[in-house]
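One-letter residues, chain by chain:
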Amino acid sequence: MDDSSCHGESAKLGDSSYNGQSVELGNSSCHRQSAELSDSSCHRLSVELSNECFVKTENRTMKKASMISISITTFFYLCCGCFGYAAFGNETPGNLLTGFGFYEPYWLVDFANVCVIIHLVGGYQVYSQSVFAVVERWLSEKYPNSEFMNNSYRLKILFLPAYNVNLLRLGFRTAYVVTTTGIAMIFPYFNQVLGVLGALNFWPLTIYFPVKMYFVQQKIAPWTRKWVILQTFSIICLIVTLVALVGSIEGLITAKLS
């Protein structure tokens, strides 16, 4: 979960408590938490809609893999979000394992960090493929006679099977990963900035475009039952996104001023 604690408070619409933990309904922290929980639950449906666009036989395996992976991810996100917020309310730290100043048991923290690394390595490969493809295709077309851009070399390492290595891919992708990782490490207020970027990207990329693609692919007529349900779903997610954006910006300003 991203940072859900906030030093400043917005106007309070009302206070409630759960298990002794304060939950300020008008606080921007609550806005960010609501957005995170909605994000994890809505993302499941958006992926289902996106998968409906796969019509070729060779994409059935990818569709099945996507459904399984997103279902598992959604389950853990919802558990982390719901249990964390129910237990700690507005004081939920950005890191549930070490955010309280306790680093024991060490093996649990280390195991969690390893899981995060595995998760991000896979996610990096999936979400960066579009960037890699666009840049590498553009460079190859711009320099068609360049051996560095277009030639592949067969590489054999010890007992591993031989594979082809393209110097452009090796150099660009390595530089890309190193650069983005370095920026993320030195960037101040990481959780707050991540919340702003997530709020900006959530509705258009995760909800709006998949729903529109589904309409076109399945030829859904306007004002039919399915059309109304999905449009209502899109509007609700847009409202959640706007609320999350306001709360994230407020959190970013508060963190900078404090």
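Here's what I pulled together on the structure shown here. Residue numbers restart at each chain and count upward from 1, following the sequence in its written direction. Local features are withheld for residues below a pLDDT of 70 in this predicted model, meaning they are given only at 70 or higher, and side-chain atom pairs are given and counted only at 80 or more; totals for whole chains, interfaces and linings count all residues. The side-chain quantities take in all heavy atoms of the structure and omit both hydrogens and water.

Describing the packing of helix α3 (residues 106-142) against helix α5 (residues 167-186)
Part 1: To obtain each axis, a line is fitted to C-alpha atoms, and for helices this fit is confined to the stretch in contact; angles are then taken between N-to-C directions over 0 to 180 degrees. Counting from the N terminus, the helices are DSSP H or I runs at least four residues long and the strands are E runs at least two residues long. Look at α3 against α5: their axes get within 11 Å of each other, and the N-to-C directions meet at 130°. Between α3 and α5, the angle is such that the two are oblique. Crossing hand, α3 versus α5: right-handed. Together, Tyr 124, Ser 128, Gln 129, Val 131, Phe 132, Val 135, Glu 136, Leu 139 and Ser 140 of α3 and Leu 168, Arg 169, Phe 172, Arg 173, Tyr 176, Val 177, Thr 180 and Thr 181 of α5 make up the contact between the two elements.
Part 2: Its residues placed into classes, the contact of α3 with α5 shows nine nonpolar, five polar and three charged. Roughly parallel covers angles under 35 degrees, roughly antiparallel covers those over 145, roughly perpendicular covers 65 to 115, and oblique covers all other angles. A clockwise turn of the near helix away from the far one marks a right-handed crossing, whereas an anticlockwise turn of less than a right angle marks a left-handed crossing. Contacts were defined at the residue level, with two residues in contact if any of their heavy atoms lie within 4.5 Å. Side-chain classes are defined by residue name, with Ala, Val, Leu, Ile, Met, Phe, Trp, Tyr, Cys and Pro counting as nonpolar, Asp, Glu, Lys and Arg as charged, and the others, Gly among them, as polar.

Re the pattern of salt bridges
Part 1: Any carboxyl oxygen of Asp or Glu that lies within 4 Å of a side-chain nitrogen of Lys or Arg is treated as forming a salt bridge with it. Evaluated as defined, the whole model comprises two salt bridges.
Part 2: Arg 169 serves as the salt-bridge partner of Glu 136, at 3.6 Å between the closest nitrogen and oxygen. Taken together, the residues Glu 136 in helix α3 and Arg 169 in helix α5 connect sequence positions 33 residues apart.
Part 3: Given the relative accessible area of 46%, Arg 169 is considered partly exposed.
Part 4: One salt bridge connects Glu 136 with Arg 173, and the closest N-O pair in it is separated by 2.8 Å. You can see Glu 136 sitting in helix α3 and its partner Arg 173 sitting in helix α5, a full 37 residues away along the chain. Each residue is assigned to one of three classes by its accessible area relative to the maximum for its type, calculated with a 1.4 Å probe on protein chains only: buried under 20%, partly exposed between the two thresholds, exposed over 50%.

Scope: geometric values only; no functional claims are made or implied.
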